[in-house]
Amino acid sequence: MESTGTVLRELRGAQKSAKGVSLYSRYVNRPAGRVFAAAAYRLGMTPNQVTLVSAAFTFAAVAAVALVRPGWGSAVLVYLGLAVGFALDSADGQLARLTGRGGPDGEWLDHVVDCAKMILVHTAVLISFHRYFGLGSDAWLLLPLGFLFVAVLTFCAGLLREQLGKAAARSAPSGGAPAGPVSRVRAVALLPADYGVFCLVFLLLGDETAFRTGYAVLAAVHALFLVAFLAKWFRELRALRAD
C-alpha cells in the first residue's frame, strides 16, 4: 500500500477548484480533510463510511448542545465535534476522487447528512435556549427558527442552482464557459458564510450573553448573504436561459 505521504500528495492533486471557497475551507478544512482522507484510505474505508463517521461526530456534538447544560468544557467539546465532522465531510469527497469510488449514492448520502445537520444544529440551539438560557423574553426563541429558515433556504436554493447549471452546461454546444480566476478578496468576503466559521461560535457557549450575541450576529450576516446569493443565482440562471 502507498505511504501516507504519497497519498497526501495524490490528494492535493485531486482537489476541487478553490473558486467560490472561503479562506477557512481552503486553508483549514480542506487540508484537515486531506489528512482524514489519507487515514481513511490507509484503513481501507469507503467514502460512504467516512460520511457516516462525519455524521456521528456532528450529531454527537449537536445532541450535546441540546442535552447538556452549557459551560466552557462542553463548549470546547461541541466545537471539536462540529469541526471534526466538517473536516470529515471534506474527506469523503477527497477519498472518492482519489479512489474513483464516488457515485450518485455517495453524493446523495452526503447531501442528506448536510441537510440533517443544518436542521438539527439550529433545532438544538432552540432547545438549549428554552432549557438552559435566561432569555428574559420568549422572542429569543425566534432567532434559531429564523437562522434555520435562512440556512435551509440557502442550502436548497444553492443545490438547485448547481444542478440546473450542470443541466444547462450539458445541453450547451460549447460545454460552458471556463472557470474564472480564484479571488482572494472573495475568499475573505465568504468567511462569515462558511460553516467552519459558524462552528466557532459554539466556543462561546460558556457565556450565555456572548453566545447569543455571536449567534445573532451570524444569523444577520447569513440573512444578508442569502439575499445576495438569491439575486446572483437568479441572474446566472436567467443568463443561461438567454444563451
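All chains use their own residue numbering, which begins from 1 and follows the written sequence. Local features in this predicted model are restricted to residues whose pLDDT is 70 or higher, and side-chain atom pairs enter the listing and the counts only when it is 80 or higher, whereas totals over whole chains, interfaces and linings include all residues. To obtain the side-chain values, all non-hydrogen atoms of the structure were included, while hydrogens and water were left out.

Caption draft 1: View of the overall build of the chain. Counting its secondary structure elements, the chain contains nine helices and zero strands. Comment: elements are numbered from the N terminus, with helices defined as DSSP H or I runs of at least four residues and strands as E runs of at least two. Ordered by position from the N terminus, the helices and strands of the chain form the series α-α-α-α-α-α-α-α-α. Whether a residue is buried, partly exposed or exposed follows from its accessible area with a 1.4 Å probe, protein chains only, as a fraction of its type maximum: under 20%, in between, or over 50%, in that order. For the chain, the proportion of its 243 residues judged to be buried stands at 40%. Note on contacts: a residue pair is in contact if any heavy atoms of the two residues lie within 4.5 Å. Of the contacts formed within the chain by residues at least 6 apart in sequence, a portion of 83% connects residues at least 24 apart. For the chain, the exposed area adds up to about 12,700 Å²; of that, 67% sits on carbon and sulfur atoms. For every accessible area listed, the method is Shrake-Rupley and the probe measures 1.4 Å; residues are considered covered only by the protein chains on display.

Caption draft 2: Up close: the packing of aromatic side chains. Ring geometry is summarised as follows: Phe, Tyr and Trp rings, the Trp one being its six-membered ring, pair when their centres sit within 6.5 Å, and such pairs are stacked at plane angles under 30 degrees, edge-to-face over 60 and tilted between the two. Going through the model one piece at a time under the given rule, you end up with 15 aromatic pairs. Ring centres 5.9 Å apart and planes at 40° place the aromatic pair Tyr 195 and Phe 198 in the tilted group. With Tyr 195 and Phe 198 both in helix H8 (residues 195-200) and three residues apart, the pair spans about one turn of that helix. Pair check on accessibility: Tyr 195 and Phe 198 agree, each one buried. When the centroid spacing of 5.6 Å and the interplanar angle of 25° are considered together, the rings of Phe 211 and Tyr 215 count as stacked. Remark: Tyr 215 and Phe 211 occur in helix H9 (residues 208-242); sequence separation between them is four residues, near one turn of the helix. Residue Phe 211 shares its accessibility class with Tyr 215, and that shared class is buried. Aromatic ring contacts, followed pair by pair, group Tyr 24, Phe 86, Phe 129, Phe 133, Phe 147, Tyr 195, Phe 198, Phe 202, Phe 211 and Tyr 215 into a single cluster. The aromatic ring of Trp 140 is capped on one face by Arg 212, whose charged end is 4.8 Å from the ring centroid. Remark: a charge is flagged as sitting over a ring if the NZ atom of Lys or the CZ atom of Arg is within 6 Å of the ring centre and within 35 degrees of the ring normal.

Caption draft 3: Highlighting the packing of helix H3 (residues 47-67) against helix H5 (residues 104-132). Orientation of H3 relative to H5, taken along the N-to-C sense of each, is 10°, at an axis distance of 8 Å. Between H3 and H5, the angle is such that the two are roughly parallel. Looking at the contact of H3 with H5 residue by residue, the classes come out as 16 nonpolar, five polar and four charged. Angles run from 0 to 180 degrees between N-to-C directions of axes, and those axes are lines fitted to C-alpha atoms, restricted for helices to the stretch in contact. Here the angle decides the label: under 35 degrees means roughly parallel, over 145 means roughly antiparallel, 65 to 115 means roughly perpendicular, and every other value means oblique. Think of it as three bins: nonpolar holds Ala, Val, Leu, Ile, Met, Phe, Trp, Tyr, Cys and Pro, charged holds Asp, Glu, Lys and Arg, and polar takes everything else, Gly as well.

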